[in-house]
Amino acid sequence: MSDTRPVLAVLGGSFNPPHLGHALLPAYLLARGDAARVLVAPCWDHPLGKALAPFERRMSWVRLALAHCDERVEVSAIEAELAGQRGGRPSYTLELLEALALRYPDQRVRVVVGSDITRSGETERWHRWERIVERFDPIVVPRAGWSEDGAAALPEVSSTAVRAQLDAIRAGGDGAEAARVAVRGLVPAAVAVALERWIGGAEPRVWVVGHGHVATHAVPWLRDRGFVVEQLGARALVAGEGPSLPETAPTGVWLLCSDGALESVAASLVGKLPAGTPVLHAAGARLAREALGPLHAAGHPVGTLHPICSLRRERGRSRLSTASFGLGGDPDARGFGQTLIGAAPALQIQDLDARGRLAYHAACALVANHLAVLEAAAARVLCARGLAPKRVERALAELMLGSVENLLALGIPTGVTGPLSRGDRATVEAHLAALDDEATRGLYADLSERLAGLLGLNQALNLKS
């Protein structure tokens, strides 16, 4: 019987660096219907011993190259996990595929290779190629010179050619500018910028303290923006355990540990940073001079850089690249925060007192945290009518996403849909009559009254009576 599971196409490689062919390949696979999802996994090392740029740097380049892709394309660091289990052995494609097959049993894992690999005989050098063919049915992508005329749809680019141009840039001289132009024609624009910054040694250094939800997303986001990031553990820092502090001083420090640990982390950094090094924290509800009191007393500029964004480590993607930030504190600390976020929009919260900061954080929490109340109430109504819970969850999630997108694009009142947007009070009253649960009926009535006010309806609904 044929395997009807959706295909997870696995694109491995060194990506040293990624080029335009790599950037376009996932869309090619999805458009052709070869895969339902594409997982891109830069290798930790090379089984044939080739020198590679550091793993995290290549991960950053790949994220930049594929930033245009939707959630069907995942950039995975699974090779770093597998490297820790191998104990120094080389990275093999077969092991990667087997690990992914275990991780995604509901998907059919297939490996993606170029026709140059299959037709040149290079597969003879691969570890257990015959096993890969047997279990993971390769998707062969036509490459120019290794396929029928006209079959190759992707640009014929190689990382080797990109590295040759980078070497010319490093060498300087008359050919450097021509090499820069050549690189911009071989790699995605964001990757070209990152490569030039890398070979020019113009990457500012940031220490990030913490390994929680926010740090999980902030560290790769900063790396993608061109910062050299040193990630430190808050507990080890406070306890004086673990590896020693990096030898190179940072441009600044961003504390992404738990709110309750801020004072002790701040105290542990006193005397360990050059004078004047700015330090930020990400706690929206707390003033920096209070939360980071020991550092402020030691003369360090302190401030807040609060991502106005819902972040979970379980999610491979975040909205940090489009998020706004709350920015406050001492002028030099705010300047460092502005450097980190670049052109991202910022709410200037430096003039808020302690109570104002709590109100600011409450407003963020009202939006970020309470959608779950609406989703749960709606799900109870639908599941009580015998509808399948999994499908209910999916339907409501898509409905909420669409509603938020409408509000973001159109604002209030234009972005509001439903009966009240049409002035249809009768339908709202009929909805209430159909709701058996008193709590849900009260929630619907209260929110409808408030929405009627936002929409400027002439008469109050009086739904609670």
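Under the annotation held in an unreviewed UniProt entry, the protein carries the name Probable nicotinate-nucleotide adenylyltransferase and is attributed to Enhygromyxa salina. As stated in UniProt under Sequence similarities (unreviewed entry), the record for the protein gives "Belongs to the NadD family." Comment text from UniProt for the protein, heading Pathway (unreviewed entry), reads "Cofactor biosynthesis; NAD(+) biosynthesis; deamido-NAD(+) from nicotinate D-ribonucleotide: step 1/1."

Visitor: Hey, could you run me through the packing of aromatic side chains in this one?
Guide: Pairs of aromatic rings are described using the distance from one ring centre to the other and the angle between the two planes. Enumeration over the complete set of coordinates arrives at four aromatic pairs. Between Trp221 and Phe325, the ring centres sit 5.5 Å apart and the planes meet at 25°, which makes this aromatic pair stacked. Here Trp221 is found in helix H10 (residues 213-224), whereas its partner Phe325 is found in strand E11 (residues 324-329), with 104 residues between them in sequence. Of note, Arg37 hangs over the ring of Tyr104, and the distance from its end group to the ring centre comes to 5.3 Å.

Visitor: For this particular structure, what's the right way to read the UniProt feature "domain: DUF2520" (unreviewed entry) in the protein?
Guide: The positions that UniProt labels "domain: DUF2520" (unreviewed entry) are, in the present scheme, residues 325-450. Helix makes up 68% of residues 325-450 and strand 6%, and the two end C-alpha atoms of the span are 28 Å apart.

Visitor: I'm lost on the side chain of Thr304 in this one. Help?
Guide: Tracing the backbone shows Thr304 in strand E10 (residues 302-308). Judged by its relative accessible area of 0%, Thr304 falls in the buried class. A distance of 3.3 Å separates the side chain of Thr304 from the side chain of His281, its partner in a polar contact. Those residues in contact with Thr304 that sit more than four places away from it in its chain are Leu280, His281, Ala283, Arg286, Ala288, Gly326, Leu327, Gly328, Ile349 and Arg357.

Visitor: What should I look at first to understand the sheet that holds strand E2 (residues 37-42) in this one?
Guide: In any sheet, the strands associate via hydrogen bonds between backbone groups, in a parallel or an antiparallel arrangement. If you walk across this open sheet you meet the five strands as E3-E2-E1-E4-E5, and the pairing is parallel. Among the strands making up the open sheet, the edge pair consists of strand E3 (73-75) and strand E5 (139-141). In this sheet, neighbouring strand axes are inclined to one another by 25° on average, regardless of whether the strands run parallel or antiparallel. Note: E2 against E3, three bridges, orientation parallel. Residue pairing in the sheet places Val40 in a bridge with Val75 of E3.

Visitor: Just checking my understanding: could you explain the side chain of His281 for this structure?
Guide: Within the fold, His281 resides in strand E9 (residues 279-281). Reaching out from His281, the side chain makes a polar contact with the backbone nitrogen of Ala283 at a distance of 2.9 Å. Excluding anything up to four places from it in sequence, His281 contacts Trp254, Leu255, Leu262, Arg286, Leu287, Ala288, Ala291, Leu292, Gly303, Thr304, Leu305 and Arg357.

Visitor: Is there a simple way to explain unusual backbone geometry in this structure?
Guide: Backbone geometry follows two general trends: most residues other than glycine have a negative phi, and most peptide bonds adopt the trans configuration. Here the amide bond leading from Asn16 into Pro17 is cis, since omega sits at 5°, within 30 degrees of zero. Relative to the elements of secondary structure, Pro17 occurs in the loop between strand E1 (7-13) and helix H1 (20-32). Omega for the bond connecting Ile412 with Pro413 falls within 30 degrees of zero, at 15°, which places this linkage in the cis form. Mapped onto the elements of the fold, Pro413 is located in the loop between helix H18 (389-410) and helix H19 (425-434). You will see that Phe15, though not glycine, has its phi angle at about 50°, which is positive. Among the secondary structure elements, Phe15 is positioned in the loop between E1 and H1. The buried category is assigned to Phe15, whose relative accessible area is 3%.

Visitor: Sorry if this is basic, but what is going on with the pairing of E11 here?
Guide: Regular strands place their side chains on alternate faces of the sheet. Inspection of the sheet shows E10 paired to E11 by six bridges, in the antiparallel sense. Counted as the bridge partner of Ile308 is Ser324 from E11. In the sheet, E11 pairs with strand E12 (residues 346-348) via three bridges, with the strands oriented parallel. Bridging from a neighbouring strand, Leu327 pairs with Gln348 of E12. Crossover connection from E11 via helix H15 (residues 331-341) to parallel E12: handedness right-handed.

The rules behind these values
- Residues numbered from 1 in each chain as written.
- Predicted model: local features only at pLDDT ≥ 70, side-chain atom pairs only at ≥ 80, totals over all residues.
- Heavy atoms only, no water.
- UniProt positions renumbered as here; feature names shortened; annotations may be inferred.
- Phe/Tyr/Trp six-rings, centres within 6.5 Å; stacked < 30°, edge-to-face > 60°.
- Helix = DSSP H or I, 4+ residues; strand = E, 2+ residues; numbered from the N terminus.
- Lys NZ or Arg CZ within 6 Å of the ring centre and 35° of its normal.
- Buried < 20%, exposed > 50% of the residue type's maximum accessible area, 1.4 Å probe, protein only.
- Polar contact = N/O pair within 3.5 Å; in protein donor to acceptor, adjacent residues only side chain to side chain.
- Contact = heavy atoms within 4.5 Å.
- Pairing = 2+ DSSP bridges.
- Axes fitted to C-alpha atoms, helices over the stretch in contact; angles between N-to-C directions.
- Right-handed = clockwise from strand over helix to strand, strands pointing away.

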